[in-house]
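Spelled out, the chains give:
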Amino acid sequence: MHYRHAFHAANFADVFKHVLLIGLLTEMSKKDKPWVYIDTHAGAGVYDLGGGTGGSAEEWRHGIALLGSSAEPGAAAAPKMVEDYRTALQRCGFDFPAGRLRYPGSPELARSQARSDVGDRLVLCEKVEAVAETLRRTVHGSAIATQIHLRNGYEAWSLLPPPEKRGLLLIDPPFEQPGEFDAIAELAGRVTARFASGVQAIWYPRKDERACNHFVRRVARETGRPTLDLRIDTDGPARSVDANGIAKRRMTACGLLVVNPPFGFQDKARVALPWLSNRLAQGPAASWSIEPVAG
């Protein structure tokens, strides 16, 4: 699998991941102490859904476009975690109904939650030089202290422990290399060895359930910390046909592993996920789940 951030921006997996990311940072911000956000595979920061690399797949039509806005009838009943996500999108300048289609990636959404007066900080890793340069332009002039490292995200463990002693590390690779599950599990273990109290959010695609289940259990073993496995399945068609008439396998399900989930996060996610699953469903068997993982 090759999951390009730009090509799949704002699809169902992005919405799922970003709603939960906002939820995690919201809980962490309840303490008046600074946190650091570390993104191992940061990407460009913002993606144009109206054309170019971001809009070419138009997967956002089965993602963010299905959430609607808080102004539509009945939308006020959306869970708080979803409303917080919508607010973060507005802070970043994204507004689907109004036609503003520059969708913020994880770094920009994290920056929207960071508190300059408290001293929250961003550390972003991106190994592709051209993408890293775009990211630099995106964050230029920010009031939030931001460092960009031109390096492989699997080396992010070497940046730990942070001086803040509180932080969230997002592990969200493009899954373009064989053995990516093994590399992630090893990274999670190294992160825990240096930063045992740090929160880790690990996104993963679900195509081979047996491999996914083995991966989830291994991360729990490598970290030895409380771990939640959050999943969503849209029950969409397993294959699609591209512009050249070539059939391709589609991702219709994904998960997010959260190591050291903040207090209160699980209860709020348990309210948000059924609402999200209903909105993002593409078939009658769409589902969601939240399960603690035993190492």
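Up top you'll find the structure we're talking about.
This is a predicted model, so every value here is computed, not measured. (Residues numbered from 1 in each chain as written. Predicted model: local features only at pLDDT ≥ 70, side-chain atom pairs only at ≥ 80, totals over all residues. Heavy atoms only, no water.)

K.L.:
Quick question: what am I supposed to make of the overall build of the chain here?
P.N.:
For the chain, the helix and strand inventory stands at 8 helices and 12 strands. Looking at the chain as a whole, 53% of its 295 residues are labelled buried. Within the chain, contacts between residues separated by at least 24 positions form 77% of all contacts whose residues are at least 6 apart in sequence. Here the chain has roughly 13,000 Å² of accessible surface; of this, 50% comes from carbon and sulfur atoms. (Helix = DSSP H or I, 4+ residues; strand = E, 2+ residues; numbered from the N terminus. Buried < 20%, exposed > 50% of the residue type's maximum accessible area, 1.4 Å probe, protein only. Contact = heavy atoms within 4.5 Å. Areas by Shrake-Rupley, 256 points an atom, 1.4 Å probe, with all protein chains shown as cover.)

K.L.:
Mind showing me how you'd approach the packing of aromatic side chains here?
P.N.:
Aromatic ring pairs: the centre-centre distance and the angle between the two ring planes describe each pair. Summed over the entire model, instances satisfying the criterion amount to 6 aromatic pairs. Relative to Tyr103, the ring of Phe94 lies with its centre 5.4 Å away and its plane at 85°, an arrangement referred to as edge-to-face. No difference in accessibility class separates Phe94 from Tyr103, as the two residues are buried. The interplanar angle of 75° and the centroid separation of 6.5 Å between the aromatic rings of Phe181 and Tyr204 together place this pair among those described as edge-to-face. Within this pair, whereas Phe181 is found in helix H6 (residues 180–194), its partner Tyr204 is found in strand E7 (residues 199–205), the two being separated by 23 residues in sequence. By the burial criterion, Phe181 is buried, and Tyr204 matches it. Ring pairs connect the aromatic residues Phe175, Phe181, Trp203, Tyr204 and Phe215, which therefore count as one cluster. Sitting above the plane of the Trp203 ring, Lys17 keeps its charged end 5.8 Å from the centroid. (Phe/Tyr/Trp six-rings, centres within 6.5 Å; stacked < 30°, edge-to-face > 60°. Lys NZ or Arg CZ within 6 Å of the ring centre and 35° of its normal.)

K.L.:
Looking at this model, I keep getting lost on the sheet that holds E7. Mind explaining?
P.N.:
Sheet strands pair via backbone hydrogen bonds, and the direction of the pair is either parallel or antiparallel. As summarised here, the arrangement of the 8 strands in space is E5-E4-E1-E6-E7-E11-E8-E12, forming an open sheet in which the pairing is mixed. Each edge of the open sheet is held by one strand with a lone partner, namely strand E5 (145–149) and strand E12 (287–292). Adjacent strand axes in the sheet meet at a mean angle of 15°, parallel and antiparallel pairs treated alike. When strand E6 (residues 167–171) meets E7, the two strands line up parallel, connected through 4 bridges. Counted as the bridge partner of Leu170 is Ala201 from E7. Along the sheet face, helix H4 (residues 106–113) touches strand E1 (36–39), strand E4 (121–125) and E6 and points at about 175° away from the line of E1. (Pairing = 2+ DSSP bridges. Axes fitted to C-alpha atoms, helices over the stretch in contact; angles between N-to-C directions.)

K.L.:
Would you mind going over the nonpolar core with me for this structure?
P.N.:
Side chains of nonpolar character tend, in soluble globular proteins, to be buried together. The biggest cluster of nonpolar side chains holds 87 residues, and the ones touching the most others in it are Ile64 and Leu230. Top element by residues in this core is helix H1 (residues 12–28). It accounts for 11 residues. If sequence neighbours within four positions are ignored, Ile64 has contacts with Ala10, Val15, Leu49, Tyr85, Leu89 and Phe94. (Core = buried A, V, L, I, M, F, W, Y, C linked by side-chain atoms within 4.5 Å.)

K.L.:
How do you make sense of the packing of H4 against helix H5 (residues 129–139) when you look at a structure like this?
P.N.:
Pairs of packed helices are described in terms of their axes, by the angle between the two and the distance that separates them. Between H4 and H5, the shortest axis-to-axis distance is 11 Å and the interhelical angle comes to 25°. Judged by the inter-axis angle, H4 sits roughly parallel to H5. The interaxial crossing formed by H4 with H5 has right-handed handedness. Residues Pro107, Glu108 and Arg111 of H4 lie in contact with H5, whose contacting residues are Leu135, Thr138 and Val139. Looking at side-chain class alone, the contact of H4 with H5 contains 3 nonpolar, 1 polar and 2 charged residues. (Parallel < 35°, antiparallel > 145°, perpendicular 65-115°, else oblique. Left-handed = near helix turned anticlockwise from the far one by under 90°. Nonpolar A, V, L, I, M, F, W, Y, C, P; charged D, E, K, R; others polar.)

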